Amino acid sequence: MMQLLDIVLTKNGLLTAFAVVGLTMLISYWASEKLTRGRLHGSAIAILLGLLMAALAGGKQGVADIPMLSGMGLMGGAMLRDLAIVATAFGVRMEEFTKSGVIGVVSLFTGLFVSFFVGGAVAYAFGYRDAVSITTIGAGAATYIVGPVTGSALEASSEVIALSVAAGLVKAILVMIATPFLAKSIGLNNPRSAMIFGGLMGTNSGVMAGLAATDPKLVPYGAMTATFYTGLGCLLGPSVVFIIVRALV
Amino acid sequence: MPIYGTALLSACLLIGLSLGRFVGFLLGVDADVGGVGIAMILLILGCDALQRRGLMKPPTESGITFWGQIYVPIVVAMAASQNVLGALSGGVMAILAGALGVAVCFVLVGVFARFGQGGKEP
C-alpha cells in the first residue's frame, strides 16, 4: 500500500507539490493567526517552514532532491516563478514604475557595487590577495549566479567559485528571513521603497520571498528592479569591477 | 476564456525573456538582463490596449490573476528547494561575505527611501 502511494506521488510530482505547499500554507496561516495573533504574516511563516524543510532534506535542491517531492523543484523553479511574478504586475499602472525609475537605477548600481566591495573586503580580510579570487567572492556577495559567472570568466579556482555560490545563497536566504522583520524600520511599505529594495538587494529569490512575506502588493515593484541586477552584475563583475580590484591590490 | 489570459501572460514572459537574453547578448554577457521587467511592461501595455478596445473580459482576466494569486505558494516551493545546507557549508567567510553585504544594503534601503521623500515635501 505504501509502495503504491509512493509510485502515485512520485509520478504526479507537481500535484504532490501543490498538495504539500497547500498544507504548508494552511498550517502557516493558522499558526500566524493563533500563535502570533497576526503579527508574523502567514506567508513569512510558510517561507520559513519551506527553508526549514530544505535544510532538513539537505539536498542541493532542498526537498526537491527527495523523489516524492521532486515536483517542488518544478513548482518553485524559474519558469512558474517568473510567470507568477509577471502576473502580479496585472493592474499596476505604468506611471508607478516610471515615477521611481531614477532612484531605482541608482539603487541598482549602488547595490551591486556595495555587494562587490563588501564581499571583496571580507575575502581580503580572510587572506585572499589575488584580484581574481577577491572579485569572484565579491561577485558571490551580489548573487549566487553573478559569483560563478564572474568566477568562470576570470578562471577562478573551483574552491573560490564554490565559496562565491555559498555567499550568494547566504544572502538570498538572509533576505528572505530578515525582510518581513525589518520592513517597518526601513520604510518598506510603498511602491517606491520596494523598487529601491529590489535594486539594492538584487537577489531574485530573496527579494521575491522577502516582499511576499512583507506585503505581496509590493512584489511587482521589487521584481522590476531586481530583474536587472543579476544580468548587470554578470556584465560588471568580470570587467569594471575586476579592473578596479586589480588596480587596488 | 481564462486560457486567453494565461496565453497572453505566457507570451509576454517568453518575449520578455527573449529580449532580456538579446540585451545580454548585446552587452556581451550570457545572461538575461531584465527579462521579467520587460515582460511586466509588455503585460501592462497589452492589458491596457485590450481594455481600451473592450476585449478584456472577466474570464480572460482570471487567467492572469490566478497566477498572481498563486505567487506566494510558488515562493514557498522555491524556498523549500533552496540549497540551505550549501549556504552554511561555505564556512564563516561565505556567511560573513553574504551577511555583511545584506546588512549594509538594508541600511541603505532605509536611507534611500527617506532621502527622496524628504526632497518631495514642500
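Analysis parameters
Residues numbered from 1 in each chain as written. Chains lettered and ligands numbered in written order. Predicted model: local features only at pLDDT ≥ 70, side-chain atom pairs only at ≥ 80, totals over all residues. Heavy atoms only, no water. Helix = DSSP H or I, 4+ residues; strand = E, 2+ residues; numbered from the N terminus. Rg over C-alpha atoms; globule rule 2.2 N^0.38 Å. Buried < 20%, exposed > 50% of the residue type's maximum accessible area, 1.4 Å probe, protein only. Contact = heavy atoms within 4.5 Å. Areas by Shrake-Rupley, 256 points an atom, 1.4 Å probe, with all protein chains shown as cover. Lys, Arg positive; Asp, Glu negative; His and termini not counted. Charge placed at Lys NZ, Arg CZ, Asp CG, Glu CD. Core = buried A, V, L, I, M, F, W, Y, C linked by side-chain atoms within 4.5 Å. Salt bridge = Lys/Arg side-chain N within 4 Å of Asp/Glu carboxyl O. Buried area = accessible area lost by both parts, 1.4 Å probe.

Enquirer: Just checking my understanding: could you explain the overall build of chain A for this structure?
Expert: Along its length, chain A carries 13 helices and zero strands. What you see for chain A is a C-alpha radius of gyration of 20 Å, in line with the 18 Å of a compact globule of 249 residues. Each of the 249 residues in chain A was classed as buried or not, and the buried ones make up 57%. When contacts within chain A are restricted to residue pairs at least 6 apart in sequence, long-range pairs at least 24 apart make up 69% of them. Accessible surface, chain A: about 10500 Å² in total, of which carbon and sulfur atoms supply 69%. Within chain A, one finds 14 positive and 10 negative side-chain charges whose respective centroids are separated by 9 Å.

Enquirer: How do you make sense of the nonpolar core when you look at a structure like this?
Expert: One broad rule of soluble globular proteins: the nonpolar side chains tend to lie buried together. A:I47, A:M72, A:F197 and B:Y71 are the most contacted members of the largest nonpolar core, which has 86 residues in total. With nine residues, helix α4 (residues 71-80) of chain B is the single largest residue contributor to this core. Ignoring anything within four residues of it in the chain, the contact list for A:I47 reads A:M176, A:A209, A:A212, A:A213, B:V75, B:V76 and B:A79.

Enquirer: I tried to follow the pattern of salt bridges on my own but got confused; where do I start?
Expert: Two side chains of opposite charge can pair, provided their charged atoms sit close to one another. Residue and element names in this part refer to chain A. Tallied over the full model, the rule gives five salt bridges over all chains. We note a salt bridge from R93 to E96, for which the minimum N-O separation is 3.7 Å. A residue is classified by how much of its surface remains accessible, and E96, at 17% relative accessible area, is buried. Between K99 and E96 there is a salt bridge, with its nearest N and O atoms 3.8 Å apart.

Enquirer: What's the story with the interface of chain A and chain B in this structure? I'm lost.
Expert: On the side of chain B, 67 residues touch chain A, which itself brings 88 residues to the contact. The junction of chain A with chain B conceals about 6700 Å² of combined surface from both sides, 83% of it contributed by carbon and sulfur atoms. Looking at the side of chain A facing chain B, the largest losses of area belong to A:L83, A:V86 and A:F90, adding up to 11% of the total buried there. Joining chain A to chain B, the criterion identifies zero salt bridges.

Worth remembering: the numbers are spatial, not functional.
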